[in-house]
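Structural features, examined
In case you want the letters, here they are:
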Amino acid sequence: MKRIKLETILDHTVLIIGSLIMILPIVMLLQMASTPDIETIKNGPGLVFGDQIPVNFEKAMFQADGFSGANTGVRMLYNSMILGFGFAFGKIIVGMMAAYAIVYFRLPFATMAFWIIFTTLLLPLEVRILPSYEIVQKLGMLNTYQGLIIPLIASATATFFFRQFFRSVPEELVEAARIDGAGPIKFFIDILVPLSRTMIAAMFIIMFVYGWNQYLWPTMITTEEDMFTLVRGIKQITQSIDNTNVPEYGRANLLAIIAILPPVLIVIFFQSWFVKGLTESDK
Amino acid sequence: MAQVTLDNVRKVYPNGFEAVKPASYNIADGEFVVLVGPSGCGKSTMLRMIAGLEDISDGALKIGDRQVNKVDPADRDIAMVFQNYALYPHMTVRKNIGYGLKNRKIDKSTIEAKVQEAATMLNLTEYLDRKPSQLSGGQRQRVAMGRAIVRDPSLFLFDEPLSNLDAKLRNQMRIEIKALQRRLGVTSIYVTHDQIEAMTMADRIIVMNGGIIEQIGTPAEVYHSPASTFVASFMGAPPMNLLEGRVDGGMIRVGDTVVGNTTLAVTGPVTVGIRPEDLEPSVGGQLRIDVSIIEELGAHRLVHGHIAGQALTMQIGKDTAIGDGPIPVAIKNNAVSLFDHQTGNRL
Ligand SMILES: Nc1ncnc2c1ncn2[C@@H]1O[C@H](COP(=O)(O)OP(=O)(O)OP(=O)(O)O)[C@@H](O)[C@H]1O
Ligand SMILES: [Mg+2]
């Protein structure tokens, strides 16, 4: 019989307890989403699962609760997707290009430019939200996807990570490509982008989730209901608790579950890439 | 195919360091030239200036009849093989080899044919669909060669291409590269710090030291008539013995021993150079060497000893018996080189 080490048991206990703690809120969400709202109000979160999921799903996805009837779950999901993907792609593209310029071209003040970009890490959105809002408003981009995405598209984090990565690419590779007749654009597309794919995957995860979870910024930039995002929409439903007789806990919770799913899927999807990139030693 | 001409080519790095002092030489069409020298002597800098990877600070560089000082590397009609292979890790062997051609907008079927041809020449056909990470060091080096060959360049440049391989593979690849160059007849410049590679592969050797070209010559010239004490001690393992001596009336002396005579019009202190294999134990030998250590190397033996208080090495056959203590040693004919006592230049 194989002896199980005490250490292994300990490790697993810690991990199991950890995952339980992480999973519990989600189980609670599920439970409340499946229970009629009246019972949730009477008893609070319980242990018994109900049969309300299809009903709540219907309400969450297709029922709007604004004046225009435009902020259905489907619409908000769509908006969030655009925000998430727009953020991720935009930040990756801008970050990579900035890092490319800094690392590979003898720009005057390249190092200084990099450190200036880097210090913006110390200035999160919240610090500069008023001027940012003003600019978006003056450009007439309120209630547009461009207004949601473009002002936040420059990313010091992505620039920093890509810079570090590019610097680790061997100089000889750059020179071989030069001799092979790859100009700056070809080198970027043919060599640097494929080499960076694990980095891109990692950035994609981070940036997608970051964009998806944005709350403050979309709240300020979008006032029209057909531009609402999921994260913001959930709040909206719980706010309308005042007006209705019974607060729609089930619907809100179900929407919360739906809001969790895409980031989770993204992580699962890119994780395999990520691990592959780490184990397959290319360089 | 092309000849290469350097006219006072010089390199000063932005920090003010002069890595290559003005150098002028000519490489004939189809010639295999090896640049050799100790680490940091400017070999790579020289090669990279010829490749166009490093700007030329002064002077003129011609490949063929064209001055290429300001020409982009891709347009110099050269191919380069790097020390660390510099293969594109995400591309298959086929794509690696064909990438340069693809960038020249050559049509697909021609590329495929050329890649096949190069792969056949290099025994790489079965690896065409692998990634570089799935190849051994020697195979990677071959892919790098393939990438150079398919471009039909007029000049091959190699920067220490074998230094990452183990000794056995290095010997094998050395022969392969040389044979390939012979077959293709492409002018080649090969950088190495390994003097055996230099001796075995070169048509002509350029020995560099501290940014200066010390000597240019065939392997035999460089070996038998080194232009300076630096070349004498750098080329050859074990290196040439360099002894303090003097010349009086045509007689070369080390200490009190006469080691030969010279027709050169010199008198006074000189540096006397004798190759270890030009010494042999002999009953009638004019030298008395005080033997201290004998190194067994299989095919031959190295005898370390002293003459007139100066260290000396002698190489003898594996069957030559030798005792400890002072023994008589003879010098082969014409085996003594004389160098200026101060400058180290050959007299
Ligand atoms: N970018 C640079 N700026 C300043 N000095 C440099 C630069 N590159 C190289 N050098 C210096 O120039 C000299 C020659 O360098 P080089 O790389 O040509 O040497 P090498 O002969 O190829 O040596 P090795 O056998 O170690 O490769 C060295 O002293 C090095 O320190
Ligand atoms: Mg070098």
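Here the structure is a predicted model, which means the values were calculated and not measured.

With that settled, the discussion passes to the interface of chain B and chain A. Across the contact, 26 residues belong to chain B and 19 residues belong to chain A. Together, the buried faces of chain B and chain A total about 2000 Å²; carbon and sulfur atoms form 53% of this surface. Per-residue buried area on chain B facing chain A is highest for Y88, P89 and H90 of chain B; these three make up 28% of the total on that side. Across the pair R151 of chain B and D180 of chain A runs a salt bridge, and its minimum N-O distance is 4.0 Å. On the surface where chain B and chain A come into contact, there are 10 residue pairs in polar contact (both at pLDDT 80 or more). When contributions to the side of chain B that touches chain A are tallied by element, the ones reaching two or more residues are β6 (78-81) and α2 (93-103) of chain B. Ranked by the residues each element gives to the side of chain B that touches chain A, the list is headed by α2 of chain B, at 4 residues. Looking at the side of chain B that touches chain A residue by residue, the class counts come to 14 nonpolar, 7 polar and 5 charged.

All names here are of chain B. Across the 6 residues of strand β8 (residues 187-192), 6 count as buried, placing the element largely inside the fold. Taking every second residue as pointing to the same face, both faces of β8 are buried, with T187, I189 and V191 on one and S188, Y190 and T192 on the other. Inspection of the sheet shows strand β3 (residues 32-36) paired to β8 by 5 bridges, in the parallel sense. Of the residues in β8, the one forming a bridge with V33 is I189. Of the strand pairs in this sheet, strand β7 (residues 155-159) and β8 are connected by 5 bridges, and their pairing is parallel. Residue pairing for β8: D159 is matched across the bridge by V191.

Bringing the layout of surface pockets into the picture now. Residue and element names in this part refer to chain A. In this structure, the largest pocket spans a volume of roughly 880 Å³. In terms of lining residues, the largest pocket is bounded by 28 residues, among which Y104, R106, E171, V174 and R178 are the most central. Mapped by element, the contributors of at least two residues to the lining of the largest pocket are α4 (73-104), α8 (156-168), α9 (171-179) and α10 (184-195). The leading source of residues in the lining of the largest pocket is α9, at 5 residues. Residue composition of the lining of the largest pocket, grouped by class: 15 nonpolar, 3 polar and 10 charged. Of the volumes computed, that of the second largest pocket is approximately 420 Å³. As for the second largest pocket, its lining consists of 19 residues, of which K91, R128, A154, S155 and A156 are closest to the centre. Elements represented by at least two residues in the lining of the second largest pocket include exactly α4, α8 and α11 (197-212).

Turning next to the site of ligand 1. All names here are of chain B. Around ligand 1 sit 13 residues in total, of which S39, G40, K43, S44 and T45 are the nearest. Residue S39 places a side-chain N or O atom 2.5 Å away from an oxygen atom belonging to ligand 1. With respect to ligand 1, the side chain of E160 contributes an N or O atom lying 3.2 Å from an oxygen atom. Burial of ligand 1 by the surrounding chains reaches 63%, relative to a free accessible area of 640 Å². Among the elements that make up the shell around ligand 1, the one with the highest residue count is helix α1 (residues 43-51) (3 residues). Of the residues that constitute the shell around ligand 1, the class distribution is 4 nonpolar, 7 polar and 2 charged.

Accessible area lost during the coming together of the parts is what is often quoted as the interface size. Residue and element names in this part refer to chain B. Domain parsing of chain B yields domain 1 (4-233) and domain 2 (240-340). Computed over C-alpha atoms only, the centres of domain 1 and domain 2 are separated by 38 Å. Residue-level contacts link 9 residues of domain 1 with 7 residues of domain 2. Note on domain 1 versus domain 2: buried area summed over both sides is about 620 Å², and carbon and sulfur give 57% of it. Broken down residue by residue, the surface that domain 1 buries against domain 2 is led by Y223, T229 and A232, which jointly contribute 69%. For the pair domain 1 and domain 2, the number of links is 0 salt bridges. Counting only elements with at least two residues in the side of domain 1 that touches domain 2, the list comes to α7 (219-224) and α8 (229-234).

Turning our eyes to something else, we now look at the UniProt feature "transmembrane region" (unreviewed entry) in chain A. Residues given the UniProt feature "transmembrane region" (unreviewed entry) here are residues 12-33, 77-100, 107-125, 145-166, 187-210 and 254-275 of chain A. In residues 107-125 of chain A, helix accounts for 53% and strand for 0%; the two terminal C-alpha atoms are 28 Å from one another.

All names here are of chain A. Overall, the coordinates contain 29 aromatic pairs over all chains when judged by the stated rule. Centre to centre, the rings of Y100 and F188 are 4.7 Å apart; their planes meet at 40 degrees, and the pair counts as tilted. With Y100 in helix α4 and F188 in helix α10, the pair connects residues that are 88 residues apart, well separated along the chain. The burial state of Y100 is the same as that of F188; both residues are buried. One Lys or Arg, R163, reaches over the ring of F114 and ends 3.8 Å from the middle of that ring. Against the face of F228 rests R232, its NZ or CZ located 3.9 Å from the ring centre.

This part is about the pattern of salt bridges. Scanning all chains against the criterion turns up 16 salt bridges over all chains. Note that D58 of chain B and R10 of chain B form a salt bridge whose closest N and O atoms lie 2.8 Å from each other. Remark: R10 of chain B occurs in strand β1 (residues 4-12) and D58 of chain B occurs in strand β4 (residues 58-63); sequence separation between them is 48 residues. Its relative accessible area of 24% is what places R10 of chain B among the partly exposed residues. Between E54 of chain B and K11 of chain B there is a salt bridge, with the nearest N and O atoms lying 3.8 Å from each other. You can see E54 of chain B sitting in the loop between α1 and β4 and its partner K11 of chain B sitting in strand β1, a full 43 residues away along the chain. Like K11 of chain B, E54 of chain B is buried. Shared partners join several salt bridges into a network, and the residues in it are E175 of chain A together with K11, R48 and E54 of chain B.

Residues and elements named next belong to chain B. The 6 strands lie next to each other as β6-β7-β8-β3-β9-β10, forming an open sheet whose pairing is mixed. The strands lining the two open edges of the sheet, one partner per strand, are β6 and β10 (212-217). The sheet shows a mean angle of 15 degrees between the axes of neighbouring strands, direction not considered. Contacts from α1 reach β3, β6, β7, β8, β9 (204-209) and β10 within the one sheet, and its direction differs from that of β7 by about 150 degrees. Here helix α4 (residues 137-149) sits on the sheet in contact with β6 and β7, set at roughly 175 degrees to β6.

Thresholds, definitions, all that
Each chain carries its own residue numbering, running from 1 in the direction its sequence is written. Think of it this way: whatever chain is written first is A, whatever ligand is written first is 1, and the rest follow in order. Local features in this predicted model are restricted to residues of pLDDT 70 or higher, and side-chain atom pairs are both shown and tallied only at a pLDDT of 80 or more, whereas totals for entire chains, interfaces and linings draw on every residue. For side-chain calculations, the full set of non-hydrogen atoms in the structure is used, while hydrogens and water are omitted. Here, two residues are considered to be in contact whenever any of their heavy atoms come within 4.5 Å of each other. Throughout, buried area stands for the accessible area (probe radius 1.4 Å) lost by two parts on being put together, summed over both. Basic side-chain nitrogens of Lys or Arg form a salt bridge, by our definition, when they fall within 4 Å of a carboxyl oxygen of Asp or Glu. In the analysis that follows, any N or O atom pair within 3.5 Å is treated as a polar contact, provided that within protein one partner can donate a hydrogen and the other can accept it, and provided that, for residues neighboring in sequence, both atoms belong to side chains. Secondary structure elements follow DSSP: runs of H or I no shorter than four residues count as helices, runs of E no shorter than two count as strands, and numbering proceeds from the N terminus. When residues are sorted by character, Ala, Val, Leu, Ile, Met, Phe, Trp, Tyr, Cys and Pro go into the nonpolar class, Asp, Glu, Lys and Arg into the charged class, and all the rest, Gly among them, into the polar class. Each residue is placed in one exposure class: buried if its accessible area under a 1.4 Å probe, protein chains only, is under 20% of its type's maximum, exposed if it is over 50%, and partly exposed if it falls in between. Strand pairing requires that DSSP identify at least two bridges connecting the strands. A pocket, in this scheme, is an open set of points on a 1 Å grid over the protein atoms alone with protein on both sides within 12 Å along at least 5 of 7 lines, while a cavity is a set where a 1.4 Å probe fits but cannot get out; residues line either one if an atom lies within 4 Å of a point. Grid points are joined across faces, edges and corners, and a volume is the space filled by probe spheres set on the points. Only a single heavy atom is needed: when it lies within 4 Å of a molecule or strand, its residue is near that molecule or strand. Computed by Shrake-Rupley with a 1.4 Å probe, the accessible areas treat only the displayed protein chains as cover when residues are assessed. Boundaries between domains were set according to an automatic or database domain assignment. UniProt positions are given in the numbering used here, feature names are shortened, and annotations may be inferred rather than shown by experiment. By convention, a stacked pair of Phe, Tyr or Trp rings (six-membered ring in the case of Trp) has centres within 6.5 Å and planes under 30 degrees apart, an edge-to-face pair has planes over 60 apart, and any other such pair is tilted. Criterion for a charge above a ring: Arg CZ or Lys NZ at most 6 Å from the ring centre, at most 35 degrees from the ring normal. Each axis is a line fitted through C-alpha atoms, and for a helix only the stretch in contact is used; angles between axes span 0 to 180 degrees, taken between their N-to-C directions.

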